[in-house]
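Now for the letters of each chain:
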Number of protein chains: 2
Amino acid sequence: MPVNILFAAHAERWETYENPLNTALSNAGVQANLSTDIAPFEVDYIVYAPNSDVQDFTPFTRAKAVLNLWAGVEDVVGNTTLRIPLARMVDGGLTQGMVEWVTGHVLRHHLNTDLQVLNQDGIWRKHIPPLACDRPVAILGLGVLGQACAKALAGLGFDVSGWSRSPKDVPDITCLNGDDGLQQALKRAGIIVLLLPFTPQTENIINAGALSLMPKGAVIINPGRGQLIADEALLNALDQGQIGHATLDVFRQEPLPPEHPFWAHDKVTVTPHIASETRAKTAAEVIAENVRRGEAGEPFLHLVDRDLGY
Amino acid sequence: MPVNILFAAHAERWETYENPLNTALSNAGVQANLSTDIAPFEVDYIVYAPNSDVQDFTPFTRAKAVLNLWAGVEDVVGNTTLRIPLARMVDGGLTQGMVEWVTGHVLRHHLNTDLQVLNQDGIWRKHIPPLACDRPVAILGLGVLGQACAKALAGLGFDVSGWSRSPKDVPDITCLNGDDGLQQALKRAGIIVLLLPFTPQTENIINAGALSLMPKGAVIINPGRGQLIADEALLNALDQGQIGHATLDVFRQEPLPPEHPFWAHDKVTVTPHIASETRAKTAAEVIAENVRRGEAGEPFLHLVDRDLGY
């Protein structure tokens with residue numbers, strides 16, 4: 001008897017995922033009926049985008065797990081109708097894409113390539129940056145994505161520190177934790193990268209106080225979540241020269257409205273939520289593996305801790 | 001008796017190098033008299049910038065070696081008055097700076113960060129690049145700099161091939177050589193990085209024929225030597241869309257004259273010869289080590305082969 005897997009996401013996702021998911025399920029040895037239309041009481045697994053039409057999980061009486069299509073779960077973790085296991089997406093392709101985006105933008109600010117990209121005016125502006133070993137970079141958040149980015153930047157020679165709520169140990173990285181550790185990380189960060197999950201504890205973690213601790217002219221790169229930053233405080237710090245530049249990929253409202261002051265600010269680069277894109281092929285393999293585990297009675301991968309919120 | 005070391009370079013270099021060189025010589029155990037003014041027949045070593053006033057080496061009757069301050073030797077290697085060993089600069093700081101510049105610009109083109117840097121106009125342009133593993137990068141030139149850049153790019157996940165005149169073997173890199181190898185490298189390069197020395201054999205190696213072999217829309221990054229590229233052929237290829245973009249750090253004439261068409265071309269990024277900057281501290285250590293070797297009767301490091309020209 002095939003396993004019934006409901007694909008609950010917008011139609012354009014179905015076009016992207018139908019073939020990769022069927023291939024991955026077949027490769028995992030799962031005989032599956034994958035569809036966007038299955039009677040709720042017959043659904044065994046839900047492949048899920050939090051912005052899909054499915055918001056009430058009550059009718060899914062026999063479902064064994066909700067398998068999120070992307071890494072952020074803040075729009076589903078508080079859903080009180082969800083009483084079965086919830087797995088985040090931890091996609092190797094998404095992680096690699098994030099490493100490339102973060103490394104590219106850290107190097108962009110480190111080398112100040114904008115100086116040339118924006119000024120092709122015939123003036124020979126010789127600007128020699130320090131070497132990476134003299135450029136302190138702080139990564140806030142040492143989950144899968146933060147650790148991968150920290151490792152890539154350390155590999156290129158950057159002086160990398162990382163901060164997480166609870167103590168962690170990552171080779172070649174100065175690991176900090178707790179409130180004191182956060183202050184230390186902020187105080188030494190020439191470039192700071194935000195890769196924290198969005199939780200009540202991390203909302204507005206980059207507020208006026210945090211911004212004032214950073215070295216004058218520091219750069220903020222946010223591929224994490226828009227809610228990590230207090231927008232008004234950041235705009236003030238940019239206007240006062242306390243923060244040199246902000247490259248922001250995520251926002252409280254997306255797409256970022258054309259009238260938002262971030263667009264017009266010459267010290268802000270807006271990018272359209274492209275840093276962490278799930279890649280269908282590798283993501284499908286993660287989902288198929290979790291279905292296989294569910295059917296074999298093995299523990300699911302990447303389960304969300306409902307109390308922590310990630 | 002101290003070793004007499006003539007510092008033959010422009011005055012601003014002396015300001016940068018005097019202290020680091022004296023420190024490095026002392027650390028190497030060399031008792032030295034380092035000066036910009038020593039009678040030629042008393043000079044033991046010449047620390048040399050090819051654009052210095054010293055162009056006739058005949059009066060330096062007891063000098064044991066000319067120690068070049070930078071990597072390129074094309075302006076001294078043909079000097080017929082030079083009959084003593086000539087050493088190139090192979091500076092760890094220069095190599096690291098080159099790796100950072102090349103990696104930064106490869107990622108800039110790979111991610112197309114210019115799309116956002118140049119267009120902060122309120123339009124949410126979602127553009128997801130392929131992963132680095134699906135982006136073929138070719139490095140022409142597998143000397144110290146080329147190998148270091150190839151290794152860094154492969155470490156980030158790029159599909160890297162490298163070409164050199166004679167066969168080389170570099171881990172994790174597809175190594176090509178000879179004329180056939182050059183054609184192969186050009187045919188598959190989505191992004192090509194030029195790190196060849198300037199010799200009669202490499203002049204205009206990127207000519208109309210070479211450009212026509214590259215995939216349509218390929219990107220050229222040149223931190224090597226301006227003479228590697230036939231400028232007119234490149235401008236034609238950019239105008240026809242055969243080449244998507246060129247980021248050029250080196251030119252036949254530097255500073256690049258304001259009226260040169262590269263400045264005004266919207267598919268060219270001019271950078272002011274900043275990719276390969278010698279760093280005083282690490283360069284001074286290389287020079288001091290070569291003086292120590294000369295005094296101890298040991299072979300010099302980084303000797304130039306006059307026949308090959310590098």
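What you see is a predicted model, and the numbers here were worked out from it, not measured in a lab. (Residues numbered from 1 in each chain as written. Chains lettered and ligands numbered in written order. Predicted model: local features only at pLDDT ≥ 70, side-chain atom pairs only at ≥ 80, totals over all residues. Heavy atoms only, no water.)

S.K.: How would you sum up the environment of Gly217 of chain B? Please name residues and give values.
M.R.: Residues and elements named next belong to chain B. Turning to its location among the elements, Gly217 is positioned in the loop between helix H6 (208–213) and strand E10 (218–222). Taking the relative accessible area as the measure of exposure, Gly217 reaches 36% and is therefore partly exposed. Considered as a pair, Gly217 and His245 are 28 residues apart in the sequence and their alpha carbons are 7.5 Å apart. (Helix = DSSP H or I, 4+ residues; strand = E, 2+ residues; numbered from the N terminus. Buried < 20%, exposed > 50% of the residue type's maximum accessible area, 1.4 Å probe, protein only.)

S.K.: Which residues make up the confidence of the model for chain A, and what are the values?
M.R.: Residues with a pLDDT of 70 or more make up 100% of chain A, whose mean pLDDT is 95. Under the prediction, the complex receives an ipTM of 0.85, its pTM being 0.86. (pLDDT = per-residue confidence, 0-100.)

S.K.: Tell me about the pairing of strand E4 (residues 65–68) of chain A, and name the residues and values.
M.R.: Looking down a regular strand, the side chains alternate between one sheet face and the other. Residues and elements named next belong to chain A. Judged by which residues are buried, E4 turns out to be covered on both faces: Ala65 and Leu67 on one side and Val66 and Asn68 on the other are all buried. Pairing between strand E3 (residues 45–48) and E4: 4 bridges, direction parallel. By the bridge assignment, Tyr48 is partnered in E4 with Asn68. (Pairing = 2+ DSSP bridges.)

S.K.: Explain the relation of the copies chain B and chain A to me, and be specific about the residues and the numbers.
M.R.: Superposition record for chain B on chain A: RMSD 0.1 Å, screw rotation 180 degrees, translation along axis 0.0 Å. Taken together, the rotation angle and the small translation identify this as a two-fold axis. For chain B, the smallest separation between a C-alpha atom and the rotation axis is recorded for Gly104 of chain B, amounting to 3.0 Å. In this assembly, 100% of the residues forming the interface of chain B have copies in chain A that are likewise at the interface, indicating an isologous arrangement. (Least-squares fit on C-alpha atoms with pLDDT ≥ 70 in both. Contact = heavy atoms within 4.5 Å.)

S.K.: Requested: an account of the domain arrangement of chain A, with residues and values cited.
M.R.: All names here are of chain A. Segmentation of chain A into domains returns domain 1 (3–91 + 278–296) and domain 2 (94–270). Taking the mean C-alpha position of each, domain 1 and domain 2 sit 33 Å from one another. Buried surface at the junction of domain 1 and domain 2, both sides included, amounts to about 600 Å², of which 52% is carbon and sulfur. Across the pair Arg225 and Glu74 runs a salt bridge whose closest N-O atoms are separated by 2.5 Å. Inspection of the region where domain 1 meets domain 2 yields 3 residue pairs in polar contact (both at pLDDT 80 or more). The residue makeup of the side of domain 1 that touches domain 2, split by class, is 1 nonpolar, 2 polar and 3 charged. (Domains from an automatic or database assignment. Buried area = accessible area lost by both parts, 1.4 Å probe. Salt bridge = Lys/Arg side-chain N within 4 Å of Asp/Glu carboxyl O. Polar contact = N/O pair within 3.5 Å; in protein donor to acceptor, adjacent residues only side chain to side chain. Nonpolar A, V, L, I, M, F, W, Y, C, P; charged D, E, K, R; others polar.)

S.K.: Could you give an account of the interface of chain B and chain A, naming the residues involved and the relevant values?
M.R.: In this assembly, 50 residues from chain B lie in contact with 51 residues from chain A. Across the interface of chain B and chain A, roughly 4000 Å² is buried in total on both sides, 69% from carbon and sulfur atoms. Lys126 of chain A is paired through a salt bridge with Glu277 of chain B; the nearest N and O atoms lie 4.0 Å apart. The tally of links from chain B across to chain A stands at 12 residue pairs in polar contact (both at pLDDT 80 or more). Here the side of chain B that touches chain A is built from residues that sort into 24 nonpolar, 17 polar and 9 charged.

S.K.: Summarise unusual backbone geometry; cite the residues concerned and give the values.
M.R.: Residue and element names in this part refer to chain A. Put simply, Glu254 and Pro255 share a cis peptide bond, and its omega is -10 degrees. Inspection of the secondary structure assignment puts Pro255 in the loop between strand E11 (243–248) and helix H8 (261–264). Even without being a glycine, Asn204 presents a positive backbone phi close to 55 degrees. On the basis of relative accessible area, Asn204 is assigned to the partly exposed category, the value being 26%.

S.K.: Please set out the sheet that holds strand E12 (residues 268–270) of chain A residue by residue, giving values where relevant.
M.R.: Residue and element names in this part refer to chain A. Taken together, the 7 strands give an open sheet; going across it, the order is E8-E7-E6-E9-E10-E11-E12, and neighbouring strands pair in parallel fashion. On the outer flanks of this sheet lie strand E8 (174–177) and E12, each paired with one strand and no other. Adjacent strand axes in the sheet meet at a mean angle of 15 degrees when their direction is disregarded. In the sheet, strand E6 (residues 136–140) pairs with strand E9 (residues 191–194) via 4 bridges, with the strands oriented parallel. (Axes fitted to C-alpha atoms, helices over the stretch in contact; angles between N-to-C directions.)

S.K.: Go over the pairing of E9 of chain A, please, and point to the residues and values.
M.R.: Residue and element names in this part refer to chain A. Burial along E9 is two-sided: the face carrying Ile191 and Val193 and the face carrying Ile192 and Leu194 are both buried. Both E9 and strand E10 (residues 218–222) contribute to a ladder of 3 bridges, which runs parallel. Paired with Val193 across the two strands is Ile221, which belongs to E10.

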